[in-house]
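Below are the chains, spelled out letter by letter.
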Amino acid sequence: MTANASPSDGSPADRSPDAAARPWVIKIGGSLSDWHRLGTWLDLIDRPGHLHPLVIVPGGGPFADAVRDAQDNWRFDDRLAHRMALLAMEQFGLMLHGICPGLQTAATRERLRSLIRARMPAVWLPSAMALDQPEIAESWDVTSDSLAAWLAVELDAAALVLVKSGPCPCAATDAAALARDGLVDAAFPHWRARFAGESWCIHRDNHILMEEALAGRATPGCPLLRSPEAELLPGVRA
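Because the structure is predicted, anything quoted here is derived from the model rather than measured.

Each value, and the rule that gives it
Each residue is numbered by its place in its chain's sequence as written, counting from 1. With pLDDT at 70 or above as the cut-off, local features in this predicted model cover only qualifying residues; side-chain atom pairs require 80 or more to be listed or tallied, and sums for whole chains, interfaces and linings still use all residues. Hydrogens and water are ignored here; the side-chain numbers use all heavy atoms of the structure. Numbering of helices and strands starts at the N terminus; helices are DSSP runs of H or I of at least 4 residues and strands are runs of E of at least 2. Residue contacts are defined here by distance: any two heavy atoms, one from each residue, within 4.5 Å place the two residues in contact. Here the open area of atoms and residues is found with the Shrake-Rupley method and a 1.4 Å probe, where only the protein chains shown may cover a residue. The term nonpolar core refers to a set of buried residues drawn from Ala, Val, Leu, Ile, Met, Phe, Trp, Tyr and Cys, joined through side-chain atoms within 4.5 Å. Whether a residue is buried, partly exposed or exposed follows from its accessible area with a 1.4 Å probe, protein chains only, as a fraction of its type maximum: under 20%, in between, or over 50%, in that order. The quantity known as pLDDT measures the predictor's confidence residue by residue, on a range of 0 to 100. Disulfides are defined in this document as cysteine sulfur pairs within 2.5 Å.

## So, the overall build of the chain
For the chain, the helix and strand inventory stands at 10 helices and eight strands. A separation threshold of at least 6 residues defines the contact pool for the chain, and within that pool the share at least 24 residues apart is 77%. Just so you have it, the chain exposes about 10,000 Å², and 54% of that area is on carbon and sulfur atoms.

Spelled out as structure tokens, the structure:
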């Protein structure tokens, strides 16, 4: 994995040419799947002229809920459920592409890097890259939150933004505290600690703030701070 440059948490985005070439990773929560303004977010991301290239990580939404229900019913193991959940993220990702065809799907590093160089917005389909990665635990401790942070490390991203339907903190917050409150998955503090870029949580209603942030005029929401004690957490394989 590539080491990131290390700006201060919550600071304005670096405007240097090198920094502007590094993407922002934006996780669109699956809870937005039936929200009437989902298209507003997708149209915003698809709009040209943003300061950074953009990569969407889709949540699992109703497709991941179906996996959980099936596992509860049939009691298959977490390893299989993890693989199915990755496919659930891909289903939501394909749905995002279907709603906004300007968002290009990408399943490999090569495809992602090509889209980033072309400054074309991408929707990550995670199975090809994330499946069988030894550092990614195959359990429900790792959901799209952690996978978004993992991808941000892989891509040497400038920033990671989690778009949520639930309440976001009103001030800079330790990632471990969010995990304890159930706002992110249990493994997220570990991956946030590994990611050296900036990270924020933003509520889905704040798309106007996000528009300002993508132009470099604001920061998008509440900073998510690293938790030094979270370098290794239960359920995360080193």
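## With respect to the nonpolar core
In this structure, Leu-112, Trp-124, Leu-151 and Leu-160 are the most contacted members of the largest nonpolar core, which totals 38 residues. At seven residues, helix 7 (residues 144–154) tops the list of elements feeding residues into this core. Dropping the residues within four chain positions of it, Trp-124 is found in contact with Val-55, Ile-56, Val-57, Pro-58, Ala-106, Leu-112, Met-129, Ala-130, Leu-147, Trp-150 and Leu-151. Formed by 26 residues, the second largest nonpolar core is a distinct cluster that contains Ile-28, Trp-35, Trp-41 and Ala-159.

## Quick notes on the environment of Ser-144
Inspection of the secondary structure puts Ser-144 in helix 7. The sequence separation of Ser-144 and Ile-28 amounts to 116 residues, and the corresponding C-alpha distance is 9.0 Å. Ser-144 has contacts with Lys-27, Val-57, Pro-58, Gly-59, Gly-60, Met-89 and Asp-185, leaving out every residue within four places of it along the chain.

## Some words on the confidence of the model for the chain
Put simply, the chain has an average pLDDT of 91, and 89% of its residues get 70 or more. When mean pLDDT is compared element by element in the chain, strand 4 (residues 122–124) scores highest at 99, while helix 1 (residues 17–20) scores lowest at 78.

## Notes on unusual backbone geometry
Positioned with a positive phi, Asp-132 is a non-glycine residue whose angle comes to about 65°. Positionally, Asp-132 belongs in the loop between helix 6 (127–130) and helix 7. The backbone phi angle of Asp-156 is positive, close to 50°, even though this residue is not glycine.

## Some words on the state of the cysteines
Per the stated rule, a full pass over the model turns up one disulfide. At a sulfur-sulfur separation of 2.4 Å, the disulfide partner of Cys-168 is Cys-201. Because the torsion about its S-S bond is -55°, the bridge between Cys-168 and Cys-201 counts as left-handed. Placement of the pair is Cys-168 in the loop between strand 5 (159–164) and strand 6 (173–174) and Cys-201 in strand 7 (residues 198–203), with a sequence separation of 33 residues. Exposure class is identical for Cys-168 and Cys-201. Each is buried. No disulfide involves Cys-222; its sulfur sits 5.6 Å from that of Cys-168, the nearest cysteine. Of the residues examined, Cys-222 reaches a relative accessible area of 12% and is grouped as buried.

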